[in-house]
2 protein chains.
Amino acid sequence: MLNQPNIRQMDTICRYTVDEYIDMLIQFHGNFAPGLLIGGFMVDAAVQQMTPYEFFDAICESTSCLPDAIQMLTPCTVGNGWLKIVNTGRFAIALYEKRSGDGVRVSMDVSKLDQCPEIRNWFMRLISKHDQDKNALLSEIKTAGRDILSIRPVKISSKLLGKRPRDPIALCESCGEAFPTNGSVLCPACKGVDLFEI
Amino acid sequence: MLNQPNIRQMDTICRYTVDEYIDMLIQFHGNFAPGLLIGGFMVDAAVQQMTPYEFFDAICESTSCLPDAIQMLTPCTVGNGWLKIVNTGRFAIALYEKRSGDGVRVSMDVSKLDQCPEIRNWFMRLISKHDQDKNALLSEIKTAGRDILSIRPVKISSKLLGKRPRDPIALCESCGEAFPTNGSVLCPACKGVDLFEI
C-alpha cells in the first residue's frame, strides 16, 4: 500500500515549512527537542500514506517527544482518545484506519545513521547533552529528513481496535468522587494508587 | 496556600476569553467536548494557585479530555514529560512544584451539581449523547465556571517526583530496533506487547 516514496530533501512537514514547524514545536513543547523534529518528519511520512482514508487513529510507541509531534500535526490527541500511547520504548509511530486496523508504521532506522554521526550520538545516548553540537545535530536532522526512517504497512492488533463500552459512573465509597465503576465500589486511587502525601 | 477564590462568574480561561478557548479546543481536540470546557476552568483555577512558583509539573487523573486542557493552557505536555497521566478515573488535575511536590488539586465536585441538571446528567452518564440538550449544557458550564469544582492544596507523593536516570540505548535482539534497555536484551514489544498482526 505504500505510496511512492519522496526522495527529495524534505522542506515541508505536513502543511508547514520545516522552520515554521520548529517554531510551533518550541511553542507547544517548551523547548527545541531533536526527537520532535524527527517526529515531524515521521508524522509527515505516515500521514502521506493515509490519504486513502478519511480518518485515522494513532499509536505512539514512545512517551518521549513523539506524542507531541502527533498531537501538533494530526487531529489525534491523548484527550480525544484518537492517540494511544503504548510504550515499547521504540522510536516509532503508527497511523491506522480505526475499524480495519490497516495503516502504516514509521520508525527510526539505526542502520541508516552511518552518514549521520550527530544523530547517532544523540539517539543512541553516546554523548552527554552538554557535549552535543546542537547546530550540527539540527542541520543533520534537516538534511536527513526521511532518509533515516523505515516505513512499512501494518495491521494493528484487533485487541487495540474498537471502543470499550463506557462504564456507568459511581461515587467512590471512600473519597466520594465520581469514577467509571467497573464493578468496584472504590476508585483506583482509593484502591491503592498513591498520588498524594497531603 | 490557596489564593483568595474568585467568585465572580468567570469570563476568561487563562489568557483567553471563554469563547476564544472554545474555538481553540475545537481546533486542538477536533470537536466540542463539555469536559474540555470544564477542564479549562479547572486549569485556570489551578494555574492561579501556582503563581508563587516559576515552573510547575502536572498530573492528570483522567485520560479523557482533561489532558488536552492541560496541554493547551500550560507548558506541560505528554511529550515533554511535564504532564503525567495517572488514570484514577477521577475528573481531577494537580499542578505542583517539581522538587517539593507542593501544589494544588482541582476536581469536579458532584455535591455542587444540584443547580446544574444538564451537567449532572452528562457527567454522571444519566442521559444518552443523543438526548443531551447541548446548548443548555454549554450554557450551564459557562455559568457555573468554578462553582462546580473543589480546589485543595496537595503534596505529591515523593514516588512520583524526580526524574528516573536515563537507561542506555541498546538494539533489541529480536526486532533490531533501538530501545532504552533496562537490563533486558528484548524491547517491551518483543517481550509480549502485541501491537501488530502484520
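Residues numbered from 1 in each chain as written. Chains lettered and ligands numbered in written order. Predicted model: local features only at pLDDT ≥ 70, side-chain atom pairs only at ≥ 80, totals over all residues. Heavy atoms only, no water.

Let's talk about the interface of chain B and chain A
Listed by partner, the interface residues are 60 residues for chain B and 60 residues for chain A. Both faces combined, the contact of chain B with chain A buries some 4900 Å², and carbon together with sulfur accounts for 58% of it. Linking chain B with chain A are four salt bridges, by the criterion used here. In this structure, the salt-bridge partner of Lys159 of chain B is Asp194 of chain A, at a minimum N-O distance of 3.2 Å. (Contact = heavy atoms within 4.5 Å. Buried area = accessible area lost by both parts, 1.4 Å probe. Salt bridge = Lys/Arg side-chain N within 4 Å of Asp/Glu carboxyl O.)

Some points on the sheet that holds strand E6 (residues 102–108) of chain A
Residue and element names in this part refer to chain A. Pairing is mixed across the open sheet formed by five strands, whose spatial order is E4-E3-E5-E6-E7. In this open sheet, the two strands that pair with only one neighbour each are strand E4 (83–85) and strand E7 (149–155). Within this sheet the neighbouring strands show an average axis-to-axis angle of 20°, counted without direction. Looking at chain direction, strand E3 (residues 57–60) and E4 are connected through three bridges and run parallel. (Pairing = 2+ DSSP bridges. Helix = DSSP H or I, 4+ residues; strand = E, 2+ residues; numbered from the N terminus. Axes fitted to C-alpha atoms, helices over the stretch in contact; angles between N-to-C directions.)

What to know about the packing of helix H2 (residues 34–49) of chain A against helix H5 (residues 134–144) of chain A
Residue and element names in this part refer to chain A. With their axes 10 Å apart at the nearest point, H2 and H5 run at an angle of 10° to one another. When the axes of H2 and H5 are compared, the pair comes out roughly parallel. Contacts from Pro34, Leu37, Ile38 and Phe41 of H2 reach H5 at Leu137, Leu138, Ile141 and Lys142. Across the contact of H2 with H5, the residue classes break down as seven nonpolar, no polar and one charged. (Parallel < 35°, antiparallel > 145°, perpendicular 65-115°, else oblique. Nonpolar A, V, L, I, M, F, W, Y, C, P; charged D, E, K, R; others polar.)

Considerations on helix H1 (residues 18–29) of chain A
Residue and element names in this part refer to chain A. With twelve residues, H1 ought to run about 16 Å at 1.5 Å a step, and its terminal C-alpha atoms sit 16 Å apart, in line with that. Among the residues of H1, those classed as buried are Val18, Tyr21, Ile22, Leu25, Phe28 and His29. On an axial view of H1, the arc spanned by its buried residues comes to 135°, and they lie on one face. For H1, the exposed residues lying more than 90 degrees away from the buried face are Asp23 and Gln27. Positive backbone phi, approximately 95°, marks Gly30, located one or two places after H1. (Expected span 1.5 Å × (residues − 1). Buried < 20%, exposed > 50% of the residue type's maximum accessible area, 1.4 Å probe, protein only. Arc of directions from axis to C-beta.)

Brief notes about the pattern of salt bridges
Where side chains of opposite charge bring their charged atoms close, a pairing between them can arise. All told, the structure shown has 22 salt bridges over all chains when counted by the stated rule. One salt bridge in this structure joins Asp114 of chain A and Arg120 of chain A, with 3.2 Å as the shortest N-O distance. The exposure class of Asp114 of chain A is exposed, given its relative accessible area of 59%. For the salt bridge of Asp44 of chain B with Arg146 of chain B, the shortest nitrogen-to-oxygen distance reads 3.0 Å. Taken as a pair, Asp44 of chain B in helix H2 (residues 34–49) and Arg146 of chain B in the loop between helix H5 (134–144) and strand E7 (149–155) lie far apart in primary sequence, 102 residues in all. What makes Asp44 of chain B buried here is its relative accessible area of 8%.

Here's the deal with the domain arrangement of chain A
Domain boundaries in chain A define domain 1 (12–160) and domain 2 (167–198). Here domain 1 of chain A and domain 2 of chain A have C-alpha centroids that lie 35 Å from each other. (Domains from an automatic or database assignment.)

Overview of the relation of the copies chain B and chain A
With an RMSD of 0.0 Å, chain B superimposes on chain A once it is rotated by 180° and translated 0.0 Å along the axis. Such a combination of rotation and displacement between the chain copies is what one expects of a two-fold axis. In terms of proximity to the rotation axis, the leading residue of chain B is Val78 of chain B, whose C-alpha is 4.1 Å off the axis. Of the interface residues in chain B, 100% have counterparts in chain A that sit at the interface too, so the contact is made through matching surfaces. (Least-squares fit on C-alpha atoms with pLDDT ≥ 70 in both.)

So, unusual backbone geometry
Residues and elements named next belong to chain B. If you check the backbone angles, Cys65 has positive phi at about 65° while not being a glycine. Positive phi, normally seen in glycine, also occurs at Arg125, with a value near 55°. By the secondary structure assignment, Arg125 is in the loop between helix H4 (117–123) and H5.

Remarks on the packing of aromatic side chains
Between two aromatic rings, the relevant description is the distance of the centres plus the angle of the planes. Here the structure, examined in full by the defined rule, presents five aromatic pairs over all chains. The interplanar angle of 50° and the centroid separation of 5.8 Å between the aromatic rings of Trp122 of chain A and Phe123 of chain A together place this pair among those described as tilted. Where Phe91 of chain B meets Phe123 of chain B, the ring centres are 5.6 Å apart and the plane angle is 75°; that geometry is what we call edge-to-face. Here Phe91 of chain B, found in the loop between strand E4 (83–85) and strand E5 (92–96), pairs with Phe123 of chain B, found in helix H4; they are 32 residues apart in sequence, far enough to count as distant. Comparing Phe91 of chain B with Phe123 of chain B shows no difference in burial state: the two are buried. Among the aromatic residues, ring-to-ring pairing joins Phe91, Trp122 and Phe123 of chain A into one connected group. (Phe/Tyr/Trp six-rings, centres within 6.5 Å; stacked < 30°, edge-to-face > 60°.)

Digging into the sheet that holds E4 of chain B
Residues and elements named next belong to chain B. Strand order in the open sheet formed by five strands is E4-E3-E5-E6-E7, with mixed pairing between adjacent strands. Of all strands in the sheet, those with a lone pairing partner are E4 and E7, marking the two edges. Averaged over all adjacent pairs, the angle separating strand axes in this sheet is 20°, with direction ignored. Bridge analysis of E5 against strand E6 (residues 102–108) gives five bridges, and the strand direction is antiparallel.

Brief notes about the environment of Cys187 of chain B
Inspection of the secondary structure assignment puts Cys187 of chain B in the segment after strand E9 (178–180). Spatially, the C-alpha atoms of Cys187 of chain B and Cys172 of chain B are 5.4 Å apart, while their sequence positions differ by 15 residues. In this structure Cys187 of chain B touches Thr88 and Arg90 of chain A together with Cys172, Cys175 and Phe179 of chain B, once residues within four positions along its chain are discounted.

Some points on the nonpolar core
Ranked by size, the top nonpolar core spans 98 residues in total, and within it Tyr21, Ile38 and Ile119 of chain A together with Tyr21, Ile38 and Ile119 of chain B carry the most contacts. The residues touching Ile119 of chain B, leaving out its near neighbours within four places in the chain, are Ile38, Met108, Leu113, Leu137, Glu140, Ile141, Ala144 and Ile148 of chain B. (Core = buried A, V, L, I, M, F, W, Y, C linked by side-chain atoms within 4.5 Å.)

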